[in-house]
Amino acid sequence: QVQLVESGGGLVQAGGSLRLSCAASGSGFSINPMGWYRQAPGKQRELVADITTGGTTNYADSVKGRFTISRDNAKNTVYLQMNSLKPEDTAVYFCYARTYSGVFRVFWGQGTQVTVSS
């Protein structure tokens, strides 16, 4: 079983920055990719960004140039640096990890609230 523990959400003014972290615990698996989704009220969950063990990144068009995803493979931790935040970035952000230990599985964090005020 894999547990994902997120931290770093909060309230920030438009134009500000936040950094999210997500650490995966457990053993006997590899994680690829690892990343973040978000869900705003009344909207579907959408991919924000993800990153492979090799460092290949993928971003939603809406966050390109503002958000940066990175990971520490040794710590099974992924980070999301969010700059130039906009009110439309307000959502619950969920960490996710696709693991492999003979079979592929996807695990989700509990979610962390990010609120950007105008």
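Quick summary incoming for the structure in this document.

How each quantity is defined
- Residues numbered from 1 in each chain as written.
- Predicted model: local features only at pLDDT ≥ 70, side-chain atom pairs only at ≥ 80, totals over all residues.
- Heavy atoms only, no water.
- Phe/Tyr/Trp six-rings, centres within 6.5 Å; stacked < 30°, edge-to-face > 60°.
- Buried < 20%, exposed > 50% of the residue type's maximum accessible area, 1.4 Å probe, protein only.
- Lys NZ or Arg CZ within 6 Å of the ring centre and 35° of its normal.
- Salt bridge = Lys/Arg side-chain N within 4 Å of Asp/Glu carboxyl O.
- Helix = DSSP H or I, 4+ residues; strand = E, 2+ residues; numbered from the N terminus.
- Contact = heavy atoms within 4.5 Å.

### Things to note about the packing of aromatic side chains
Following the criterion strictly, the structure yields 4 aromatic pairs and no others. Aromatic side chains Tyr-100 and Phe-104 sit 4.8 Å apart centroid to centroid with 50 degrees between the ring planes, which places their arrangement in the tilted category. Judged by relative accessible area, Tyr-100 falls into the partly exposed class, the value being 39%. One aromatic cluster is present, formed by Tyr-37, Tyr-96 and Trp-108 through successive ring pairs. Above the plane of the ring of Phe-94 lies Arg-45, whose end atom (NZ or CZ) is 3.8 Å from the centre. Taking NZ or CZ as reference, Arg-45 lies 4.7 Å from the ring centre of Trp-108, over its face.

### Thoughts on the pattern of salt bridges
Should the charged atoms of two oppositely charged side chains come close, the side chains can pair. Taken as a whole and assessed by the stated rule, the structure comprises 4 salt bridges. Put simply, Arg-38, Glu-46, Arg-66 and Asp-89 are held in one network by salt bridges that share partners.

### Remarks on the environment of Ala-97
Among the structural elements, Ala-97 can be located in strand 9 (residues 91-100). Using a relative accessible area of 0% as the deciding quantity, one classes Ala-97 as buried. Note: C-alpha distance between Ala-97 and Cys-22 (75 residues apart in sequence) is 9.7 Å. Aside from chain neighbours lying at most four places away, what touches Ala-97 is Leu-4, Ile-31, Pro-33, Met-34, Arg-105, Val-106 and Phe-107.

None of this, on its own, says anything about what the molecule does.
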